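# Architecture at a glance
Chain by chain, the residues:
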Amino acid sequence: MEFKIYQIRKWMFLIPFVMLSQQLLAQIPIRGEVVSSEDDIGIPGVNVVVKGSNIGAVTDIDGKFSIEVSGENDILIFTYIGYTSQEISVGNREMITVTLVPSPTDLGEVVVVGYGAVRKSDLTGSVSSVSSERLSSVPSTNISEMLRGKAAGVQVNLGNARPGGESSILIRGRNSLSGGNSPLFIVDGAPINNINDLNPSDIQSMEVLKDASAQAIYGARASNGVIIITTKRGHLGKTVVSYNGYYGIQSLWKNFEVFDGDGFADMRREAFRADNQQGQFEPDEISFDNVMLRVLDNGQFVDWEKLVIRDAPMQQHDVSIRGGSEKTKFSVSTGYFKQEGMIPTSGFERGTIRINADHQVNKKLLVGTSTYLARSSERIETGLLTTLTMPPLAEPYDQNGDLQLVVTEDEVYTNPLFNLYESDNRRTTNRVILNLFGDYEIIEGLKYRLNTNVNYRNRTDGAYQSTRHRSGQSYGGQASLASLERFEYLIENILTYDKNFQNGNRMDVTLMQSLNGINQEQFSIRTRDIGNDVLGYDGIGNGAILFPPGRSAFRRSLVSYMARGRYSLKDRYLFTVTGRVDGSSVFGAREKYGFFPSVAFGWKIHEEPFFNIPSVNELKLRTSYGVIGNEGISPYQTLATTNSYGYHFGNGESIVGFLPGIDDFPNEGLRWESSATYNLGLDFGLFQSRVSGALEYYVIRTSDLLVRKAVPSATGYQRVWDNLGRTENRGVEATITTFLVDNNKVRWSLDANISVNRNKILEIFGEMDEDGNPINDIGNNWFIGRPINVYYDYVWDGIWQLDDNIGDSHQPDALPGHPKVKDLNGDGQITAGDDREVIRRDPKWFGSISSNFIYKGFEVYAELFASYGGVRRNPYLYEYEYGGTMSGRLNGISRNYWTPENPTHDAFRPTASGTMRYRSATAFQDASYLRLRTLTLAYNLPNELLSRWGLSRARIYTTATNIWTKADFQSFSPEADPGSYPEPRVYRMGVELSF
């Protein structure tokens, strides 16, 4: 019996050791790192759990973790707020690197709203946020173009497709007639006048403030919207070195053809026949000169487009170093961008350096800086793009194979390629932006910030036309130099108080006082008869003929006071009240200050106890009302100014004196243009935010419009700036994001937005005609009750034919082949006052849809952009200097024109004399277009290779931009006239590396 008890005790004693030894033998240590897909930076606090057990770990400050598993078949689950969870099979690996992707919608996401930030779920205003990942889907030096299609209500219009060119931005349409419609740009808390000087790779996010509640904190300058740009800063944890570079090729896109050699010859013959009283063709010896006849005979027609426009390379390289400790965080980046132009002698080159740093001096004091240095050089082609109008019956090269200036016997035809190479036009820009700030916590929740900013920009323009250039040869060469220096400073004192209460109640108050000043100076000089082309414009001092130098300067300042209060009641009812006072130096002595208030309310319906719809995880109603201002006029417009006049005495002596100017009558009562905005929004999230989006409706009424109107000549002046008229702007916006598939292997999302805007003029001068109807301003194309941006022209009704009874018509002086226009009032005659129609230019709607498909390491991204309903008048279809009249003197866009043998209604008859009315009515074209704007294929290298090569991220990609466009407007771009710089297709291949 004792023996049995002994045996039992022995086994009971050994069993725990046996179980422990088996467990120890089964445990396998696994180490790894969890990083964010957005920046490859380690994420601290990620939960790592062995699936089906209570074994877990948490990543440290660098995103690293260590955990033990029982075998290769175990699965690790990685979860973190705001990111999509991942399940990773252990397999035979000892080291695992996991990349977490942000979840579809993170209600805890922080959005920058100006003078602070707010959780996305607590927004009461209309704000669109665009991340750096979405911006970089369209690699470009033009930041405005990167924003196109990314935010509802933001309309980007191509300004100039030239390397280094800019585009304009409209937020929620046009409000002002003369006061400007461009938004305010804020970069790291400071205003900036040109965002294209920035390096796009430095941008962390862009927020677009669209309603008065969001904009009112910027008061006077916010009537056209605000775009806040936040640059990348340092982070807590290990230092990350990143490289991003690509190489691309630009090629020509167009949707039209010009007349080829035979087509031009036929058009020229027809133009001469139309002016022949007998209606007969002239002999070719009369219609063409000897050079043209020689080319007609040998068939060696010139394709000027291929001769001048070429494929061109572009490249970008960016290196950044980011990291930091609990005390100091830093971000240092440098970038280089070079783009050759598709037109010879054009191109753009830029180098940048950015240093952002934050240092925690002690528990109460934080100081930081944002420093940006940039230098760019832009080469600009000289003159208009004349390849469209040059006749193909020409000889661009002489007998020695050298370019020659005159390409036919008619000296009006000058070789565009020759002139390009015999000219030099360069612009060099230096930019320095220095921001210093300090945060001091006075007591818990109460902080003071001093924010200072200096923004310096220097630009030099040099141009030279040689002694062989068509324009320069008459003057022995001519040169010009111009410089612009702009200095802007900002000083802000900001107090913030944050307080959390019980039951989800929160409040914060912000008080701000600021002073903003701008000084700008310009100087220019021009000379002729330089005599030697070697130095170009650097030899401007050798010019024998010196023109009077030009100089201009201005100074403007703005002093501001702002208060904002936000309160969250039960994390359900959100209130925001803002008031700002601005005083601007550009307005009259009696009206320098303006007050701009706003209120907003948000209701989280999904947080209500009565709301019980499981499929709806977010439903928030927002409404706001506010008033914002516009100071978009130049300084000194309200003051009496003087003009200089020269007086020559009989003895040859000359003096310069000053007399009152005759341009603008002084108006000390000129005041702010103000816009009152009402906004109603609905944010929603369905199926755990697998489907999310927002709907917006807004009304903007602008009054006291800044208008420059004519005054009676008896005053001694021509015009006066005054506050006149009212406009109204209404619109609807919709944004939706859907995650069709979202699991460990496949992630497929769709983003779409659409914007509809309608504006109209309610009042201009407030004057009535004799019938009691409001008087329109026809000279400026301003019409009561009609949109701001319109054409005013006759309505095309086809082409007059041979069998039409023209003599008894409303156009009795017309001839067969001439344009027919409508008699709108039916009085049997065409008059300018009764038979012209207002034609809307802006699109009825615009929007985009993008798809992002990720399978394991592969990515496919595509974006479609559409603009519908706009109208453009094409000058190359009706104006003589652009070949639009088909006079036979210039080439032009190929058309199916009318002849007695071809009685078409497509285009009027060519005529050498060009005497034909109403041609402009035939030139209106639908400006709607659909474009496959971006297509990207990418591959992310697997973790096994990354670990072997010492990398944390490696991505290889190829991107095609503007590869397919459907448009009726005939041009090199659906948003620009044919004579503008061509907007290219671009094919890029690049790599992104992080160490």
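About the thresholds
- Residue indices begin from 1 for each chain and proceed along its sequence in written order.
- In view of the model being predicted, local features appear only for residues whose pLDDT reaches at least 70, and side-chain atom pairs are presented and counted only at 80 or more, with totals across whole chains, interfaces and linings using the full set of residues.
- Hydrogens and waters are ignored; side-chain quantities use all the structure's heavy atoms.
- The helix count covers DSSP runs of H or I at least four residues long, the strand count covers runs of E at least two residues long, and both are numbered beginning at the N terminus.
- For the radius of gyration, the atoms used are the C-alpha atoms, and the globule rule reads 2.2 Å times the number of residues raised to 0.38.
- Contacts were defined at the residue level, with two residues in contact if any of their heavy atoms lie within 4.5 Å.
- Under the counting rule used here, the positive set is Lys and Arg, the negative set is Asp and Glu, and His together with the chain ends is not counted.
- Every charge is mapped onto a representative atom, which is NZ of Lys, CZ of Arg, CG of Asp or CD of Glu.
- Here a strand pair is declared whenever DSSP counts at least two bridges between the two strands.
- As a rule, the C-alpha atoms of each element are fitted with a line to give its axis, helices using only the stretch in contact, and angles between N-to-C directions run from 0 to 180 degrees.
- By convention in these notes, a salt bridge is any Lys or Arg side-chain nitrogen within 4 Å of a carboxyl oxygen on Asp or Glu.
- Relative accessibility under 20% of the residue-type maximum defines a buried residue, over 50% an exposed one, and the middle range a partly exposed one, all with a 1.4 Å probe and only protein chains included.
- Any pair of N or O atoms that falls within 3.5 Å is considered a polar contact. Within protein, one atom must be able to donate a hydrogen and the other to accept it, and sequence-neighbouring residues count only if both atoms are side-chain atoms.
- Directions pointing from the helix axis toward each C-beta atom define the arc.
- A residue counts toward a patch only above 30% relative accessible area and without a salt bridge, and it is joined to like-charged neighbours within 9 Å or, for Val, Leu, Ile, Met, Phe, Trp and Tyr, to nonpolar neighbours within 5 Å.
- Here the Shrake-Rupley method, with its probe set to 1.4 Å, supplies the accessible areas, and only the displayed protein chains count as covering residues.
- Only buried residues count toward a nonpolar core. Its members are Ala, Val, Leu, Ile, Met, Phe, Trp, Tyr and Cys residues joined through side-chain atoms within 4.5 Å.
- Any helix carries an expected span of 1.5 Å times its number of residues minus one.
- Per-residue confidence from the prediction method is given by pLDDT, with values spanning 0 to 100.
- Stacked, edge-to-face and tilted labels apply to pairs of Phe, Tyr and Trp rings (six-membered ring for Trp) whose centres lie within 6.5 Å, assigned for plane angles under 30 degrees, over 60, and everything in between, in that order.
- A positively charged side chain is recorded as over a ring if its NZ (Lys) or CZ (Arg) lies within 6 Å of the ring centre. The angle to the ring normal must also be within 35 degrees.

### Some remarks on the overall build of the protein
Within the protein one finds 10 helices and 50 strands. The C-alpha atoms of the protein give a radius of gyration of 34 Å, which matches the 30 Å a tight globule of 995 residues would have. If one aligns the C-alpha atoms of the protein with their principal axes, the spans along those axes are about 140 × 70 × 65 Å. Counted over contacts in the protein with a minimum sequence separation of 6, partners at least 24 positions apart contribute 68%. The protein carries 99 positive and 116 negative side-chain charges, and their two centres are separated by 8 Å.

### Here we look at the sheet that holds strand E3 (residues 56-58)
Here 4 strands make up an open sheet; going across it, the order is E3-E2-E5-E6 and the pairing antiparallel. Taken across any chain shown, the strands that pair with only one partner, and hence form the sheet edges, are E3 and strand E6 (86-89). Here the average twist between neighbouring strands, direction ignored, is 20°. Examined bridge by bridge, strand E2 (residues 47-50) and strand E5 (residues 75-79) share 4 bridges and lie antiparallel to one another. Bridge assignment links Val 49 to a residue of E5, and that residue is Ile 77.

### Observations regarding the pattern of salt bridges
For the structure on display, the rule yields 59 salt bridges. With a closest N to O distance of 3.0 Å, Arg 269 and Asp 266 form a salt bridge. Of this pair, Arg 269 and Asp 266 are both found in helix H5 (residues 261-274), 3 residues apart, which corresponds to roughly one turn of the helix. Residue classification places Asp 266 among the partly exposed positions, given a relative accessible area of 40%. Linked by salt bridges that have partners in common, Arg 172, Lys 210, Lys 620, Arg 622, Asp 683, Glu 696 and Glu 733 make up one network.

### A short note on unusual backbone geometry
Residues apart from glycine generally show negative phi values, whereas peptide bonds are mostly found in trans. Positive phi, normally seen in glycine, also occurs at Asp 704, with a value near 55°. As for its position among the elements, Asp 704 is in the loop between strand E35 (691-703) and strand E36 (706-710). What makes Asp 704 partly exposed here is its relative accessible area of 22%. With a phi close to 50°, Met 886 is a non-glycine residue in the positive phi region.

### Some remarks on the environment of Thr 328
Here Thr 328 shows up in strand E19 (residues 328-340). A relative accessible area of 29% means that Thr 328 is categorised as partly exposed. Separated by 38 residues in the primary sequence, Thr 328 and Leu 366 have C-alpha atoms spaced 9.6 Å apart. When neighbours within four sequence positions are excluded, Thr 328 is seen to be in contact with Asp 358 and His 359. A distance of 2.6 Å separates the side chain of Thr 328 from the side chain of His 359, its partner in a polar contact.

### Regarding helix H7 (residues 290-298)
Taken together, the buried positions of H7 are Val 291, Met 292 and Val 295. Along the axis of H7, the buried positions cluster into a sector of 100°, meaning they face one direction only. Looking one or two places after H7, you find Gly 299, whose phi comes out positive at around 70°.

### Observations concerning a nonpolar patch on the surface
Where nonpolar side chains cluster on the molecular surface, the patch consists of Val 577, Val 599, Leu 621, Tyr 625, Tyr 678, Leu 680, Tyr 697 and Val 732 and spans about 640 Å² of accessible area. Mapped onto the nonpolar patch, the elements with two or more residues apiece are strand E30 (616-630) and strand E34 (673-686). Tracing the sequence through the fold places Val 599 in strand E29 (residues 593-604). Relative accessible area serves as the criterion here: at 44%, Val 599 is assigned to the partly exposed category.

### Looking at the sheet that holds strand E13 (residues 184-187)
Spatially, 5 strands are ordered E10-E15-E16-E13-E14 in an open sheet, and the strand pairing comes out mixed. For this open sheet the edge positions go to strand E10 (127-131) and strand E14 (190-192), each flanked by a neighbour on one side alone. Taking the axes of each pair of neighbouring strands and ignoring which way they run, one obtains an average angle of 25° across the sheet. Relative to strand E15 (residues 203-209), E10 is paired through 5 bridges, and the arrangement is antiparallel. Bridge assignment links Ser 128 to a residue of E15, and that residue is Val 208.

### Digging into the side chain of Asn 224
Note that Asn 224 resides in the loop between helix H4 (212-215) and strand E16 (226-231). Residue classification places Asn 224 among the buried positions, given a relative accessible area of 6%. Within the structure, Asn 224 has its side chain in polar contact with the backbone oxygen of Ser 182 (distance 3.4 Å).

### Re the nonpolar core
Judged by nonpolar contacts, the single largest core of 23 residues is most densely connected at Leu 147, Val 154, Ile 169, Leu 198, Met 206, Ile 227 and Ile 229. Beyond its immediate sequence surroundings of up to four residues, Leu 198 is in contact with Ile 143, Val 187, Ile 192, Ile 229, Arg 350, Arg 354, Tyr 372 and Ile 433. Counting residues in each nonpolar core, the second largest holds 22 residues, with Phe 288, Met 292, Tyr 897 and Trp 898 among its members.

### Details of H5
With 14 residues, H5 should reach 20 Å at 1.5 Å per residue; the first-to-last C-alpha distance of 20 Å fits that figure. For H5, the complete set of buried residues consists of Gly 261, Gly 263, Phe 264, Ala 265, Met 267, Arg 268, Glu 270, Ala 271 and Arg 273. Residues of H5 that are buried sit in contact with helix H6 (284-287) and H7. Taking the backbone nitrogen of Asp 262 as reference, a side-chain oxygen 3.4 Å away marks Asp 260 as the first, capping residue of H5.

### Describing the environment of Thr 958
Within the element layout of this structure, Thr 958 appears in strand E49 (residues 953-967). Thr 958 gets classed as partly exposed once you look at its relative accessible area, which sits at 30%. For the pair Thr 958 and Tyr 987, spaced 29 residues apart in sequence, the C-alpha separation works out to 7.4 Å. If near-sequence neighbours (up to four positions away) are discounted, Thr 958 is found in contact with Leu 935, Thr 936, Leu 937, Arg 988 and Met 989. A distance of 2.9 Å separates the side chain of Thr 958 from the backbone oxygen of Arg 988, its partner in a polar contact.

### Section: the confidence of the model for the protein
Averaged over every residue, the pLDDT of the protein is 88; the share at 70 or more is 95%. When pLDDT is averaged over each element of the protein, strand E47 (residues 924-926) comes out on top at 97 and helix H1 (residues 2-26) at the bottom at 39. Within the model, pLDDT remains below 50 along residues 1-26, and this stretch shows 3 contacts once partners closer than five positions in the same chain are excluded.

### Remarks on the environment of Ser 121
With respect to the helices, strands and loops of the structure, Ser 121 is situated in the loop between strand E9 (117-119) and E10. For the pair Ser 121 and Glu 618, spaced 497 residues apart in sequence, the C-alpha to C-alpha distance is 8.9 Å.

### As for the packing of aromatic side chains
One pass over the structure, following the stated rule, counts 18 aromatic pairs. Ring geometry for Phe 337 against Phe 348: centres 6.3 Å apart, planes inclined by 55°, an arrangement best described as tilted. Here Phe 337 is found in strand E19, whereas its partner Phe 348 is found in strand E20 (residues 347-360), with 11 residues between them in sequence. When the ring of Tyr 876 is compared with that of Tyr 882, the centres are 4.7 Å apart and the planes differ by 25°; the resulting orientation is stacked. One aromatic cluster is present, built from ring pairs that chain together Phe 587, Phe 596 and Trp 672. The aromatic ring of Trp 253 is capped on one face by Arg 931, whose charged end is 5.9 Å from the ring centroid.

### Details of the pairing of E16
Burial runs high along E16: 5 of the 6 residues are buried. Of the strand pairs in this sheet, E13 and E16 are connected by 4 bridges, and their pairing is parallel. Looking at E16, one finds that Phe 185 is bridged to Ile 227.

### Regarding the pairing of E6
Burial along E6 is one-sided: the face carrying Gln 86 and Ile 88 is buried and the face carrying Glu 87 and Ser 89 is not. Two strands pair when backbone bridges link them, and E5 and E6 are joined in this way by 4 bridges, in the antiparallel orientation. Each residue of the ladder has a partner; that of Phe 78, found in E6, is Gln 86.

### Things to note about the side chain of Thr 934
Examined against the element boundaries, Thr 934 turns out to sit in strand E48 (residues 929-940). Look at Thr 934 and you get buried, because its relative accessible area is 0%. If sequence neighbours within four positions are ignored, Thr 934 has contacts with Ser 137, Val 138, Tyr 861, Ala 862, Glu 863, Thr 959 and Ala 960.

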